[in-house]
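Coordinates in review
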There are 2 protein chains.
Amino acid sequence: MTEPMYRQIADDLRARIESGAFAQGAKLPTESELRVGYGAARNTVREAVRLLASRGLVESRPGLGTFVTRHVEPFVTTLAAAPLPGGQGAPLASGIGEDDGFAGIRAQGRTPSASGPQVIVEPAADSVAVRLGVPSGAQVVGRRRERYIDGRPWSLRTSYYPFEFVAKGGTDLVRAEGLPGGAAAYLEQRLGLVQVGYTEHILVRPPMADEAKFLELPDDGRESVLTVVRTCYWSAEYGLAPFKVTVTVLPADRVVLVINSGVVPGGTAPEPAPGDHADSAVA
Amino acid sequence: MTEPMYRQIADDLRARIESGAFAQGAKLPTESELRVGYGAARNTVREAVRLLASRGLVESRPGLGTFVTRHVEPFVTTLAAAPLPGGQGAPLASGIGEDDGFAGIRAQGRTPSASGPQVIVEPAADSVAVRLGVPSGAQVVGRRRERYIDGRPWSLRTSYYPFEFVAKGGTDLVRAEGLPGGAAAYLEQRLGLVQVGYTEHILVRPPMADEAKFLELPDDGRESVLTVVRTCYWSAEYGLAPFKVTVTVLPADRVVLVINSGVVPGGTAPEPAPGDHADSAVA
DNA sequence: GCAAATTTGTTCGTATGTATT
DNA sequence: CAATACATACGAACAAATTTG
């Protein structure tokens, strides 16, 4: 029944953090100070601090000290605003996959920006090949942008197209420049592709090295990324066919996705409610 | 530039795991064996194992040993199948929030089950109160079910209603029994509430104690839960009003949400592509 | 049911390396 | 360069969980 000492120390430190005794960003006592304060070995207080770090409450930096993690306000992204069967409603394209979403970000009083697209031509990863309807390992064109909010890294978005689109007239796909009017308009104009629907897959997974680096996620595998994979379809002569796969990678703990369906209050998504982290509490 | 020894050991073990030298569920060498194998102190190999454990590659159990984590196939859940403005399409209610979703689960060849509802009457958490449009701390009725797939815990779902619904005729809301025909039909029959739309909020957060226990998540704060909060609206005389808030909590690393919009292939959601964990890789 | 053996978990002490100011 | 603070590494001992005889 008796808790190990390092857990007791961790619980005590947690209580002091949550009570506000240590404010966000404040420096914790050094390991030496904690050692004498709790009458434990330095290794033991290190175990306690490590436990808190693994839960994201504190961060340690060599030569500096240990600091209470600053809480980042989650950012609300409207994923889809689907209309009712008979009715009026938001257009098909919206939010995370289709346009740049900049209007929605500005509406929240924050400043979006993005890098110019980086163009990658490579054999398709399996997940992309399957969704894009091309053979495994077939060449695809990837157009990747790094997106920022208020100057801080926010998301990585890569759109993949079959490489044959380039040969069939979509030569600008491999130019590392923005497409005036957007990729959708370009593909419609050059190739006659008109989007009629899309499927989105949402999943949470550990970040890959490049993602962790850009999003400034810790290297300890604690924080995950939320990934939205949008597969876009057009109506070809022979039936529905995918023509684009867009992969958006976001830090999982800093994002709230919103989906509206049918008639909902306001044209825009509601703000996140306070205390979303306490949802579903049971007495 | 030289990597610390515990990282080298961890990298070597990882390579051996990923190469298949240690299969899923296989037992790693004991700490004593690793100590002599790598010529390091036991604490050092423990650091290496801890690093792998923090990334979810292995799990240690006292008295038994350390084992390669078994990969759990993610389960696909269709969140919304929104129809086109003019068109035919799936009905408004579907997937995770509205019905029980059992049909979709059976369609994947798996066996769903659920506990009978547990009824909770308590002051609303802030997030519920705001979304349900009741004063902070007002009494709400919560109906919670524990849901299983193939006998393994899958999700916790709690639907909240204003307590005044009970006084106004919805007395069965506080009975710990299933409502024949579902809660929607019951509310329509007894109170004349017809759902016209809903908003869903999707977020990732650390599990609370009861959630971690039910979902069998490790206690180390590594795995998160994915939470879907659905707010349902009806068209009251005075305008749109929320009447139900449903909170669904799922293990974040075992779920893929699917959203269809417009015309997409098949009536049902596509299977998850292989290697979703490698999405958006850049050469 | 108990005792022994095995294996991981906790705690201590010490020394040295590395990052930052 | 010096001081400070966290990071790495070693060695040792005992505790707790589990299996086995």
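This write-up is about the structure you can find in this document. (Residues numbered from 1 in each chain as written. Chains lettered and ligands numbered in written order. Predicted model: local features only at pLDDT ≥ 70, side-chain atom pairs only at ≥ 80, totals over all residues. Heavy atoms only, no water.)

Topic: the overall build of chain A
Put simply, the test is: Numbering goes from the N terminus for both helices and strands, where a helix is a DSSP run of H or I of at least four residues and a strand is a run of E of at least two. Each residue is placed in one exposure class: buried if its accessible area under a 1.4 Å probe, protein chains only, is under 20% of its type's maximum, exposed if it is over 50%, and partly exposed if it falls in between. Every residue pair with non-hydrogen atoms within 4.5 Å of one another is taken to be in contact. Using a 1.4 Å probe, the Shrake-Rupley method yields the accessible areas, and only the shown protein chains count as cover for residues.
Scanning chain A from terminus to terminus reveals eight helices and eleven strands. Considering chain A as a whole, with its 283 residues, one finds that 47% of them fall into the buried category. Summarising the internal contacts of chain A: among those between residues at least 6 apart in sequence, 62% fall at separations of at least 24. Entry remark: accessible area of chain A is about 12900 Å², with carbon and sulfur atoms responsible for 54%.

Topic: the protein's contact with DNA strand D
Our working rule: Consider each residue's heavy atoms; a residue with any of them within 4 Å of a molecule or strand counts as near. As used in this structure description, the phrase polar contact means that two N or O atoms lie within 3.5 Å; if the pair is within protein, one of them must be able to donate a hydrogen and the other to accept it, and residues adjacent in sequence are counted only when both atoms belong to side chains. Note on residue categories: nonpolar means Ala, Val, Leu, Ile, Met, Phe, Trp, Tyr, Cys or Pro, charged means Asp, Glu, Lys or Arg, and polar means any other residue, Gly included.
Close to DNA strand D lie 22 residues, the nearest being A:Arg46, B:Met5, B:Tyr6, B:Asn43 and B:Thr44. In the model, a phosphate oxygen of DNA strand D is placed 2.9 Å from a nitrogen or oxygen of the A:Glu31 main chain. Put simply, the parts of the chain that give the surface near DNA strand D at least two residues each are helix 3 (42–54), strand 1 (58–61) and strand 2 (65–68) of chain A together with helix 1 (5–18) and helix 3 (42–54) of chain B. Among the elements that line the surface near DNA strand D, the one with the most residues is helix 3 of chain B, at three residues. Considered class by class, the residues forming the surface near DNA strand D number nine nonpolar, eight polar and five charged.

A word on the protein's contact with DNA strand C
Close to DNA strand C lie 22 residues, the nearest being A:Met5, A:Tyr6, A:Asn43, A:Thr44 and B:Arg42. At 2.3 Å from a phosphate oxygen of DNA strand C is found a side-chain nitrogen or oxygen belonging to A:Thr44. B:Arg46 has a polar side-chain atom sitting 2.9 Å from a phosphate oxygen of DNA strand C. At the level of elements, helix 1 (5–18) and helix 3 of chain A together with helix 3, strand 1 (58–61) and strand 2 (65–68) of chain B are the ones that each hand at least two residues to the surface near DNA strand C. In terms of residue count, the dominant contributor to the surface near DNA strand C is helix 3 of chain A (three residues).

Here's the deal with the side chain of A:Thr69
Residues and elements named next belong to chain A. Here Thr-69 is to be found in the loop between strand 2 and strand 3 (75–82). At a separation of 3.3 Å, a polar atom in the side chain of Thr-69 contacts the main-chain amide nitrogen of Val-58. Not counting residues within four places of it along the chain, the set of residues in contact with Thr-69 comprises Gln-24, Gly-56, Leu-57, Val-58 and Glu-59.

A closer look at helix 7 (residues 182–191) of chain B
Residues and elements named next belong to chain B. Note the following rule: Comment: arc refers to directions from the helix axis out to C-beta atoms.
Among all positions in helix 7, only Ala-183, Tyr-186 and Leu-187 are buried. Projection of helix 7 onto a plane perpendicular to its axis shows the buried side chains occupying an angular sector of 95°, all on one side. Elements that come into contact with the buried residues of helix 7 comprise strand 7 (152–162), helix 6 (164–167) and strand 10 (239–251). Looking one or two places after helix 7, you find Gly-192, whose phi comes out positive at around 70°.

Re unusual backbone geometry
All names here are of chain A. With phi around 55°, Asp-150 is a residue other than glycine that occupies positive phi space. Along the polypeptide, Asp-150 turns up in the loop between strand 6 (139–149) and strand 7 (152–162). Among the residues examined, Asp-150 registers a relative accessible area of 42% and is labelled partly exposed. The phi dihedral of Glu-216 falls on the positive side, at around 60°, and the residue is not glycine. As for its placement among the helices and strands, Glu-216 is situated in the loop between helix 8 (209–215) and strand 9 (225–236).

Here's the deal with the packing of aromatic side chains
Condition: A pair of Phe, Tyr and Trp rings is counted when the ring centres sit within 6.5 Å of each other, with Trp represented by its six-membered ring. The angle between the planes then sorts it: under 30 degrees is stacked, over 60 is edge-to-face, the rest tilted. Two thresholds decide whether a charge sits over a ring: the Lys NZ or Arg CZ must be within 6 Å of the ring centre and within 35 degrees of the ring normal.
With the rule as written, the count across this model stands at four aromatic pairs over all chains. Centre to centre, the rings of A:Phe75 and A:Trp154 are 5.1 Å apart; their planes meet at 75°, and the pair counts as edge-to-face. In this pair, A:Phe75 is assigned in strand 3 and A:Trp154 in strand 7, connecting sequence segments 79 residues apart. Per residue, the accessibility class of A:Phe75 equals that of A:Trp154, and both read buried. Considering the side-chain rings of A:Tyr148 and A:Phe214, the 5.4 Å spacing of their centres and the 80° angle between planes classify their relative orientation as edge-to-face. Pair noted here: A:Tyr148 is in strand 6 and A:Phe214 is in helix 8, with a separation of 66 residues, a long-range link. The class for A:Tyr148 is partly exposed, based on a relative accessible area of 24%. One residue, A:Arg230, lies across the ring of A:Tyr198, its end atom 3.6 Å from the ring centre. Geometry around B:Phe67 places B:Arg61 over its ring, the cationic atom sitting 5.6 Å from the centre.

So, the pattern of salt bridges
Our working definition: By salt bridge we mean one thing: a side-chain nitrogen of Lys or Arg within 4 Å of a carboxyl oxygen of Asp or Glu.
What the rule picks out here adds up to 28 salt bridges over all chains. One salt bridge in this structure joins A:Arg50 and B:Glu47, with 3.3 Å as the shortest N-O distance. Linking A:Arg50 in helix 3 with B:Glu47 in helix 3, this pair reaches from one chain into another. If you follow the salt bridges from partner to partner, you end up with A:Glu31, A:Arg42 and A:Arg46 in one network.

Section: the pairing of strand 9 of chain A
Regular strands show a simple pattern: their side chains alternate between the two faces of the sheet. All names here are of chain A. We count it as follows: For two strands to be treated as a pair, DSSP must find no fewer than two bridges joining them.
With eleven of its twelve residues buried, strand 9 lies for the most part within the structure. Two strands pair when backbone bridges link them, and strand 8 (residues 195–205) and strand 9 are joined in this way by ten bridges, in the antiparallel orientation. Residue pairing in the sheet places Val-204 in a bridge with Leu-226 of strand 9. With twelve bridges joining them, strand 9 and strand 10 (residues 239–251) adopt antiparallel strand pairing. By the bridge assignment for strand 10, Val-229 is matched with Val-247.

A few points about a nonpolar patch on the surface
Filter applied, for reference: Patches draw on residues past 30% relative accessible area with no salt bridge. Two like charges within 9 Å are joined, as are two nonpolar side chains (Val, Leu, Ile, Met, Phe, Trp, Tyr) within 5 Å.
A surface patch of nonpolar side chains, amounting to about 210 Å² of accessible area, comprises A:Val121, A:Phe163 and A:Val174. Mapped onto the elements of the fold, A:Val121 is located in strand 5 (residues 118–123).

Some details on the nonpolar core
Heads up, the condition is: Among buried residues, those of type Ala, Val, Leu, Ile, Met, Phe, Trp, Tyr and Cys that are joined through side-chain atoms within 4.5 Å constitute a nonpolar core.
A:Ile202, A:Leu226, A:Leu257, B:Ile202, B:Leu226 and B:Leu257 are the most contacted members of the largest nonpolar core, which totals 26 residues. If you list the elements that add at least two residues to this core, you get strand 3, strand 8, strand 9 and strand 11 (255–262) of chain A together with strand 3 (75–82), strand 8 (195–205), strand 9 (225–236) and strand 11 (255–262) of chain B. Excluding residues that lie within four positions of it along the chain, B:Leu226 makes contacts with A:Val204, B:Ile202, B:Leu203, B:Val204, B:Thr248, B:Val249, B:Leu250, B:Ala252, B:Val255 and B:Leu257.

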